[in-house]
Amino acid sequence: MAGLISRLRRLRHSDQAVAAHVRETLTQSLYASPQSLVIGAVTSSVIVVLVAMISGRAAMLACALAILVVAGIRIVDALRFLPMLSKDRASCFGGKRQELIYRFGALAYSGLLGTFGFLTLIGTEDGELQLLAVTTAVGYAAGIAGRNAGRPWIALSQLCLAAVPLALGLCLTFEPLKAVLAVVILFFVVAMMDITLQTYGVILRATVASTEKTALAEHHAAVARRDDLTGVANRTAFRERYEAQLEALTWSEESERKGLAIYWLDLDKFKEINDSFGHLAGNALLSGIARRLDEAFGIDGIVARLGGDEFAVIWAIRDKEEAIAIGRRILDLVESPVHHDARDLNVSASIGIAIAPADGIDADTLLKNADLALYRAKDSGRGVMRFYEPVMDEKIERARDLATEMQGALGRGEFYLVFQPIFDLNGRGVQSCEALLRWNNRRYGEVSPGEFIPIAEGNGFIVQIGGWVIQEACRTASQWPNCVTIAVNLSPIQLRSANLRGVIVNALAASGLAAERLELEVTESVLLEDIDGSLAALQAINLLHVQTTLDDFGTGYSSLSYLSKFPFQTLKIDRSFIADLDQSPASVAIVQAVIDLAAKLGMRTIAEGVETAAQLAQLRRTRCDAVQGYWLSRPIPASMVTTMLAGETPNTSCRASPGANPT
């Protein structure tokens, strides 16, 4: 008995320390089996009504009526919460308030049953009626021990209220056997209290374990749907929430918001941040941008990192003007510097925008269309946003198909070179040939370099293709006379490639071509992007004794500064000046000035895009060193170059005259 009292004291303290969500789960267990509550209430009520009616005593009838009323209330209360429990709507459960309601009904019902038994024992002499009253109360008390063990104070109070009045009534009859029965009932109460406490301990441990397991599962689910680096939603969570918003929206005229816009962002040249300042700087930049976007759009919209340097923002809009305003705000947020390690990191973004329902009503279609718009935005330059337009589908699908085809094009032998001769104006000979890349695809046939070169630069495949061009050009030129050089264009990505020097060395070694016979051409736009990196790359090339040429000279922004900074041996005058050479005195003056400046700096000059005899004559008067263009020769296969050079006599080798159009 002392142990039981000690356990009751501990129960009071431990029950108060139970977490709120655990207490709520335990309270729900009171309603876990409404069927047993209904059966118990109905059978007990029927028995007490029959006993009261047979006895005819007013007090028993009044008590029986009270039992009926309380039983009815408890049945309604239990059935009211049945749908919530069956649908797992725990959040709708009343918690502490509902426990108080249940406690009041349970204690009132138990107390009335015990009182009815007491009245039957002292008010009637009918042994059968007494037996019915006592067994009903004791049976109810026995059921309580297990059914309500989740809230032990309710169960223990019910036990006492139902059984103690019976023991008291049995003692007041002053009959020895009934007194013994009273003692037995009291021992029964003690035993049932012990069982209730043990059952409660098992239920509590199981509930706590289940709650912790559920909490852990919810934590893992939340982590699985959150981007580890930035803390915003990841692709999985983004897809789930986006589809949910699409399903929840109604496209009615009365709706304040007329569309749901998806902004698909790709950071421009983010890789350069990683390469220049390290991955920690790149991570700081991603986190800073994600934090800004989430603060601006995360509460009423969706912000997610889709992977790498791609983000998405979902926002409900009224009209296209608002969509444009939101897009500009996103661009501003991205372009604001992120401070890291005593420096400001700057980046811009390209944005593709698709709006539901105009551009689609399901997530797959809208994501595809936003991606198409992003592709167009990236193709248009930096810091640009583009809305989806149906016409994008065909063009961008073709571009993507070409990108896919490009992956195996080298292995299938689809790339090939043609060569455009460059004629020396002083010696009237072929001094060089420019290697030009062509692609004859198995599906699309001849693909324009203007179409596939940007694709190759966009997906980085230009490095592999460019390496092949250098190797093939060197191999071909090794079969020509030693006085003929080969010119190869370098893309910006190639120039910044770490293995460019190795590619050049291997190509020269494999072909046996002298390094002085290889000329690598770069445009001014390449130099604008990374002056220090470009300077280092060009110096490394010159150390190999490979010649370098500044292509398209005059189309950049600070051309003259390049002549003093960069180690070029040749300048190529852009065709835009040559086109008006026979009509515009200004063009003549510009070309003459460039040629004179190059001569003073020890550089040779080549005029490209010569298409008329008048242009050629004017270039002779300006003392240009060499010329190139359709008037002299179109790009031709290597076999024709070999034939052209092989047909010259020893005395005229490398001296085919550019005075007439040979084509």
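*Asks:* Just to check I follow, could you spell out the pattern of salt bridges for this structure?
*Replies:* On inspection of all chains with the given rule, the structure shows 18 salt bridges. Across the pair R400 and D371 runs a salt bridge whose closest N-O atoms are separated by 2.5 Å. Of this pair, R400 sits in helix α15 (residues 392–406) while D371 sits in helix α14 (residues 363–379); the two residues are 29 residues apart in sequence, bridging distant segments of the chain. Residue classification places R400 among the partly exposed positions, given a relative accessible area of 24%. Look at D371 and you get partly exposed, because its relative accessible area is 22%. One salt bridge connects E521 with K572, and the closest N-O pair in it is separated by 2.9 Å. In this pair, E521 sits in strand β12 (residues 518–523) while K572 sits in strand β14 (residues 570–573), placing the two residues 51 residues apart along the sequence. Each member of the pair E521 and K572 is classed as buried.

*Asks:* How do you make sense of the sheet that holds strand β1 (residues 259–268) when you look at a structure like this?
*Replies:* Backbone-to-backbone hydrogen bonds join strands into a sheet, with any given pair of strands oriented parallel or antiparallel. The mixed open sheet is built from five strands, whose spatial order is β2-β3-β1-β6-β7. This sheet does not close on itself; its edge strands, each paired only once, are β2 (302–307) and β7 (385–387). Ignoring strand direction, the axes of neighbouring strands in this sheet form an average angle of 20°. Together, β1, β2, β3 (310–317) and β6 (348–356) form the strand contacts of helix α10 (residues 235–248), whose direction differs from that of β2 by roughly 140°.

*Asks:* Looking at this model, I keep getting lost on the packing of aromatic side chains. Mind explaining?
*Replies:* Pairs of aromatic rings are described using the distance from one ring centre to the other and the angle between the two planes. Applying the stated criterion across every chain yields a total of seven aromatic pairs. Seen in terms of ring centroids, W439 and F452 are 5.6 Å apart; in terms of plane orientation they differ by 85°. Their pairing is edge-to-face. Of this pair, W439 sits in strand β9 (residues 429–441) while F452 is found in helix α17 (residues 449–459), placing the two residues 13 residues apart along the sequence. Like F452, W439 is buried.

*Asks:* Where do I start with the pairing of strand β15 (residues 604–608) in this structure?
*Replies:* Consecutive side chains of a regular strand alternate in pointing toward one face of the sheet and then the other. For β15, the tally of buried residues reaches four of five residues, placing the bulk of the element in the interior. Across four bridges, β14 lies against β15 in parallel orientation. Among the inter-strand pairings, L571 is bridged to a residue of β15, identified as T605. Read as a crossover between parallel neighbours, the route from β15 over helix α26 (residues 613–621) to strand β16 (residues 626–628) is right-handed.

*Asks:* Can you help me understand the nonpolar core in this one?
*Replies:* Generally speaking, soluble globular proteins have nonpolar side chains that are buried together. By size, the foremost hydrophobic cluster in this structure holds 75 residues, and its most contacted members are I486, I504, L518 and L619. If we ignore the near neighbours within four places in the chain, the residues touching L619 are L425, I578, L581, V591, A607, V610, C624 and V627. In terms of nonpolar packing, the next biggest core, distinct from the first, is built from 34 residues, L265, A290, A349 and I351 among them.

Reading the values: rules and limits
- Residues numbered from 1 in each chain as written.
- Predicted model: local features only at pLDDT ≥ 70, side-chain atom pairs only at ≥ 80, totals over all residues.
- Heavy atoms only, no water.
- Salt bridge = Lys/Arg side-chain N within 4 Å of Asp/Glu carboxyl O.
- Helix = DSSP H or I, 4+ residues; strand = E, 2+ residues; numbered from the N terminus.
- Buried < 20%, exposed > 50% of the residue type's maximum accessible area, 1.4 Å probe, protein only.
- Pairing = 2+ DSSP bridges.
- Axes fitted to C-alpha atoms, helices over the stretch in contact; angles between N-to-C directions.
- Contact = heavy atoms within 4.5 Å.
- Phe/Tyr/Trp six-rings, centres within 6.5 Å; stacked < 30°, edge-to-face > 60°.
- Right-handed = clockwise from strand over helix to strand, strands pointing away.
- Core = buried A, V, L, I, M, F, W, Y, C linked by side-chain atoms within 4.5 Å.

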